[in-house]
Amino acid sequence: VKLTLPTQSKMLSKDFVYGVATASFQIEGGKASRLPCIWDTFCDTPNTIADGSNGEMACDHFNRWQDDIELIDSIGVDAYRLSISWPRVITESGELNQEGVAYYMNILDTLKSKRIKAFVTLYHWDLPQHLEDKGGWLNRETAYEFRNYANLISKVFGNRVHAYATLNEPFCSAFLGYEVGTHAPGIIGKEFGKKAAHHLLLAHGLAMEVLAKNSPNTLNGIVLNFTPCYPESESLADINAAAFADDYFNQWYIKPLFDGKYPEILSTLPAAHQPDIHEGDMAIIAHSMDYLGVNFYTRAIYRADVDEHFLQIDPPEPRTDIGWEIYPKAFTELLVSLNEKYRLPPVYITENGAAMADKIIDGVVNDQDRVDYYQQHLNAVNDAIEQGVKVDGYFAWSLMDNFEWAEGYLKRFGIVYVDYETQVRTIKASGFAYKALITNR
Ligand code: GBH
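Residues numbered from 1 in each chain as written. Predicted model: local features only at pLDDT ≥ 70, side-chain atom pairs only at ≥ 80, totals over all residues. Heavy atoms only, no water.

Engineer: I'm lost on the pairing of strand 5 (residues 219-226) in this one. Help?
Structural biologist: Successive side chains on a regular strand alternate, one facing one side of the sheet and the next facing the other. Within strand 5, seven of the eight residues are buried, leaving the element largely enclosed by the surrounding structure. Inspection of the sheet shows strand 4 (residues 163-168) paired to strand 5 by four bridges, in the parallel sense. Bridging across to strand 5, Ala165 finds its partner in Gly221. Relative to strand 7 (residues 291-296), strand 5 runs parallel, the two sharing six bridges. (Buried < 20%, exposed > 50% of the residue type's maximum accessible area, 1.4 Å probe, protein only. Helix = DSSP H or I, 4+ residues; strand = E, 2+ residues; numbered from the N terminus. Pairing = 2+ DSSP bridges.)

As structure tokens, this is what we get:
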């Protein structure tokens, strides 16, 4: 069971950053020592989470962080991408919660002592519930609350942090959270998604300003997810449908960052569905960044539809356990096309990975299918690099099995297996293969 790359590959250089990624709500637990967030509320709402679970315990990382950092270190990675829980570090009146700060300070100090670079995401979806009660991302004020949070945090951690990401995947927060309602806070309506998206992007821009000022020596950027859109057929109608979907789901979140404007489909949306853009917003959003984080899992296929513009069709095999098609070619094509469209800073692949139905047998997890997924996608990144894209690092999603949002604990993305009864961690074959790739460079 091995992961390999061509001998001349830039991804075999010691400067290429390999890491593993997690997110606060998905692993921490430790709910009693923070404010409630929108995911606590969402989990308490019937029929939202596939297994009816919640994040109260998750991987109990709140209590097991020291062992987990030993585990991360044992995999030999250069970097660890974690997120800070906003409701753990900021009080309801908008001040630092010193206990929460101390918790992350310990984690960051321990990573530093092991020379593991900390990639810190400020917002991986756990909005404090009291802000949602005032409208959440539909309320412009939330963007300014986020700036306050970013300002206070970036003053305390100093050079313990290697890179900050303002937001993780604003598409998911806006579209899944405020348009189709499959993620917290579960709001449904086409009139909400783009309004939430605009406030998220504004929050990003406002935070970039304070990060650049308070923390000029960290890499400061954002993490976006992309699900490249392909037409079902070569018909013009299907090609147009896929192009519309691409603008709506993907370009919507990157174009404002680099071009200072939304895709042209903005003007075709009903007025009630459009965001409230104030003068000066687009310039704030287009703040320069030190890097772009790209998350990739799968592609999507579209067919023309009469009144809806586009219709996503079921993807063909092969698929992972969560139903997402395995199509690594889209990863290369995505990176190459982003590089053509925008003046990109260096790119980090901040998430890539697969849900597989893992079984632990005699203490061993033989996840050959996940190893194959990683092999194909590492090759895809290498191909993009050969075609001129500057990619400086790659993070596996995820370090360990964890709370997979609306899927609860049913879908496993880890390269480390978690037994949720005992909280015992077991490195999977994919984890050992990743370790060998990294250490044999
Ligand atoms: C990431 O989201 C999250 O950052 C992370 O927290 C999460 O655990 C991880 O991925 C795994 O889900 O319906 O076939 O068109 C990824 C979110 C995944 C959303 C792909 C859109 C489209 C699949 N994206 N998905 S499909």
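Engineer: Sorry if this is basic, but what is going on with the packing of aromatic side chains here?
Structural biologist: Here a ring pair, both rings aromatic, is described through the centre-centre distance and the interplanar angle of the planes. Taken as a whole and assessed by the stated rule, the structure comprises 47 aromatic pairs. For the pair Phe119 and Tyr291, a centre-to-centre distance of 6.4 Å together with 80° between the ring planes defines the contact as edge-to-face. Placement of Phe119 in strand 3 (residues 117-123) and of Tyr291 in strand 7 is noted, with a sequence separation of 172 residues between them. The class of Phe119 is buried, set by a relative accessible area of 2%. Ring centres of Tyr291 and Tyr348 lie 5.6 Å apart, and the angle between their planes is 90°; this geometry places the pair in the edge-to-face category. Residue Tyr291 is found in strand 7, and its partner Tyr348 is found in strand 10 (residues 347-351); the two are separated by 57 residues along the sequence. Put simply, the rings of Phe25, Trp39, Phe42, Trp125, Phe403, Trp405, Tyr409 and Tyr420 pair up and form one aromatic cluster. Across from the ring centre of Tyr103, 5.5 Å away, lies the NZ or CZ of Arg88, which sits over that ring. (Phe/Tyr/Trp six-rings, centres within 6.5 Å; stacked < 30°, edge-to-face > 60°. Lys NZ or Arg CZ within 6 Å of the ring centre and 35° of its normal.)

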